[in-house]
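Listed below, chain by chain, are the residues.
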There are 2 protein chains.
Amino acid sequence: MQEMALTPRRIAVDGMGGDYAPGVVVQGAAQAVTDFDLEIVLVGQEQLLKRELAKHKIPGGRITVHHASQVVDMGESPVQAIRKKKDSSVAVCIDLLKQKAVDAVVTAGNTGAAVAASTLNLGLLPGIKRPGIVVSIPTLHGISLAIDVGANVDPTPEHLFQYALMGDIYSRSICKKRRPAIGLLNVGEEESKGTTVTKEAYKLLRESDFNFIGNIEGRDFFTGKCDVIVCDGFVGNIVLKLTEGLFENLVEFIKKELSQNYLAQLGSFLCKSALLNIRKEANYEEAGGGQLLGLNGVVIISHGSSTAWAIRNAIKKAAQVVEFDVNGHIVTEITQRDKSKAEAGNHSSANSKPAQPHADDKK
Amino acid sequence: MQEMALTPRRIAVDGMGGDYAPGVVVQGAAQAVTDFDLEIVLVGQEQLLKRELAKHKIPGGRITVHHASQVVDMGESPVQAIRKKKDSSVAVCIDLLKQKAVDAVVTAGNTGAAVAASTLNLGLLPGIKRPGIVVSIPTLHGISLAIDVGANVDPTPEHLFQYALMGDIYSRSICKKRRPAIGLLNVGEEESKGTTVTKEAYKLLRESDFNFIGNIEGRDFFTGKCDVIVCDGFVGNIVLKLTEGLFENLVEFIKKELSQNYLAQLGSFLCKSALLNIRKEANYEEAGGGQLLGLNGVVIISHGSSTAWAIRNAIKKAAQVVEFDVNGHIVTEITQRDKSKAEAGNHSSANSKPAQPHADDKK
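Residues numbered from 1 in each chain as written. Chains lettered and ligands numbered in written order. Predicted model: local features only at pLDDT ≥ 70, side-chain atom pairs only at ≥ 80, totals over all residues. Heavy atoms only, no water.

**Looking at the overall build of chain A**
Here is step 1: Within chain A, the secondary structure is distributed over 13 helices and 11 strands.
Here is step 2: The 363 residues of chain A split such that 58% are buried. (Helix = DSSP H or I, 4+ residues; strand = E, 2+ residues; numbered from the N terminus. Buried < 20%, exposed > 50% of the residue type's maximum accessible area, 1.4 Å probe, protein only.)

Quick look at the structure:
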């Protein structure tokens, strides 16, 4: 995604969410208001947050603190936590978004709790059954998207179909792909491969008007074979973290291999910056987080282990997603699809395909 | 795994299985009998196989052909294929194993068909509910095992528990680990994370006498945090293929990064062999395939895209697994566990733990 001029936005940041909160979260927020033209509402325990804020120089008072007395721990059961802790930092962030006091929310806390709080409180976009997290994946041929990477570990075929729908729109509006190739992550290319859920999802996608290229195997995750990789949140989350871990360890892997050969050691030294670049390119810190797509509001989910840099980038992404009005695009497209379907039902045979939604692709 | 002196074994090889069969399969078999002291029964369409065999010099007639008139295609529904095609190459391989005409089977064909044929015909080891494929994973700290990587895409918690049991025994008997650390691949370290199946499997493992270290996330797949990674066959297969794809593309990734910097280009040239070594280390061709553990017989499953070198190594692995009598170890241990459980039930309180099965660890 290219740098862009952001119109001033107000972003609520969950000050208590993440393994290194509140310290690194406040640091990331301070960095974001320094680098971008936006305002931040830090949500969480006031005293703690103010003590952390005092460590940074905040331009023009662009960070305010909104008190929330409770914290959802990483290991807590999401639904129970949201029911019991009405004044948790994540629940209050979502409340502020619902009241339109902010334009978006960023949280690095318990993912399940963020999903539960936002689904219950904000609700979903019309027609959408479950939200999914979408992230950018660096490949040999540019950026692909993967959806879902952790919101929904037990999806139905219809959920996967809707991830394809939202991924298609996200790819066109944010990544500017004309007609994104959609692939279903599976254990084999053949239609007969996979779980009961992926087999059924395959049928739904094959019968759709998407540019569905079929199942893709793990080996094609990084080849850029498709623009949108549709997967369940369980495998998506594991694959994403595995890749990050692998790239983090890449330099160490190579060092180990090189340790007994002087020429190779020199070689390693000379291309170290290239290796570090690769690591950076595949690093979640650069993307910062992924949008929880399908919600009636903009929520960005970051890793629990987010650094200040990752938080800063997640805040930037939140502002971009608001700017590009991804949710507006999804609503427009779903409405258009429903209308086309209804018209097709009224005017033509039952076998006709729905109208091409890609005709109105905003470029 | 170190090189070892193999006593002469007879291995049935599915001559028609795999994307490049029969050519590369026959080539791999020819290589195996040249490199190792074993005999091979090539199963499949006689004329085709004999034509391929004529291209190679086979020492001492150590490859014979056993005719099978049918072939199971990669995209066929496994159970239907096995029901209809009684004379398929994979079914005949399994028949030969059942009749003890061979010591083990190697196939690079339709995995589901191999699993179905061997489960139906050979049956499972006493007490085992579903077979799982175990493979070696290179990590920063030596070799780990992953089980299951594709036999069972919809496992129950009990299946996962049994994968831990078999992985533990495999790790002790083949990898010579004293008390293998067992981890459950999941979306978070906390017990509350994951699918209904992984949550239940976590409980079973926690209450067991394994050295269970809890959930491991994707980022720890390659750090060697545990010796045995337990996972479902869907995520296991995707993760394995993704990693292979990533390492295959690694050199290309780095080349791309280096293309505009002469010093880095030189560096890349100097450490190219190290990079190729890493690719080799993580290459499925070296392992050749994974054992389908839990069967009453030794069956090695190779990738559909296996090269001749991968087939040669899969045949070597088959001979090793027979040599180490992994199945015998599993049967002994399960019997001992059942006995200990029964004794514990007779002599002590209901809360007592089962006897330590690791005491009789064969080193």
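**Focus: the domain arrangement of chain A**
All names here are of chain A.
Here is step 1: Domain annotation of chain A identifies domain 1 (1–123 + 295–324) and domain 2 (135–285).
Here is step 2: Overall, the association of domain 1 and domain 2 removes approximately 980 Å² of surface from exposure, summing both partners, and the carbon and sulfur fraction of that is 61%.
Here is step 3: Applying the counting criterion to the domain 1 and domain 2 interface returns zero salt bridges.
Here is step 4: Where domain 1 meets domain 2, there are one residue pair in polar contact (both at pLDDT 80 or more).
Here is step 5: Every element with two or more residues in the side of domain 1 that touches domain 2 is listed here: α5 (111–122) and α12 (308–324).
Here is step 6: The greatest single-element share of the side of domain 1 that touches domain 2, amounting to six residues, is contributed by α12.
Here is step 7: Tallied by class, residues from the side of domain 1 that touches domain 2 come to six nonpolar, six polar and one charged. (Domains from an automatic or database assignment. Buried area = accessible area lost by both parts, 1.4 Å probe. Salt bridge = Lys/Arg side-chain N within 4 Å of Asp/Glu carboxyl O. Polar contact = N/O pair within 3.5 Å; in protein donor to acceptor, adjacent residues only side chain to side chain. Nonpolar A, V, L, I, M, F, W, Y, C, P; charged D, E, K, R; others polar.)

**Observations regarding the nonpolar core**
Here is step 1: The biggest cluster of nonpolar side chains holds 100 residues, and the ones touching the most others in it are F221 and V299 of chain A together with F221 and V299 of chain B.
Here is step 2: Among all residues touching V299 of chain B, those that are not within four sequence positions of it are I94, L97, V105, S118, L122, G290, Q291 and L292 of chain B.
Here is step 3: Core analysis: the next-biggest nonpolar cluster, separate from the first, contains 56 residues, L49, I63, A108 and I174 of chain B among them. (Core = buried A, V, L, I, M, F, W, Y, C linked by side-chain atoms within 4.5 Å. Contact = heavy atoms within 4.5 Å.)

**Examining the packing of aromatic side chains**
Residue and element names in this part refer to chain A.
Here is step 1: Under the definition given, this model contains six aromatic pairs over all chains.
Here is step 2: Taking 5.5 Å as the distance between ring centres and 45 degrees as the angle between the ring planes, the aromatic pair formed by F161 and F210 counts as tilted. Of this pair, F161 sits in helix α6 (residues 157–173) while F210 is found in the loop between α7 (196–206) and β8 (211–216), placing the two residues 49 residues apart along the sequence.
Here is step 3: Residue classification places F210 among the buried residues on the basis of a relative accessible area of 6%. (Phe/Tyr/Trp six-rings, centres within 6.5 Å; stacked < 30°, edge-to-face > 60°.)

**Overview of the environment of V235 of chain A**
Here is step 1: Structurally, V235 of chain A is set in helix α8 (residues 233–258).
Here is step 2: Exposure remark for V235 of chain A: the relative accessible area of 1% places this residue in the buried category.
Here is step 3: Here the alpha-carbon distance between V235 of chain A and V33 of chain A, two residues 202 residues apart in the chain, equals 35 Å.
Here is step 4: Residues within four places of V235 of chain A in sequence aside, it is in contact with L185 of chain A together with F234, V235 and I238 of chain B.

**Here's the deal with the state of the cysteines**
Each disulfide consists of a covalent bond between the sulfur atoms of two cysteine residues.
All names here are of chain B.
Here is step 1: Following the criterion strictly, the structure yields zero disulfides over all chains and no others.
Here is step 2: Cysteine C175 remains unbridged, with the sulfur of C226 as its closest cysteine sulfur at 12 Å.
Here is step 3: We classify C175 as partly exposed; its relative accessible area is 22%. (Disulfide = S-S within 2.5 Å.)

**Quick word on the side chain of Q162 of chain B**
Here is step 1: Position of Q162 of chain B relative to the elements: it lies in helix α6 (residues 157–173).
Here is step 2: Ignoring sequence-local partners within four residues, the contact set of Q162 of chain B consists of G127, I128, K129 and R130 of chain B.

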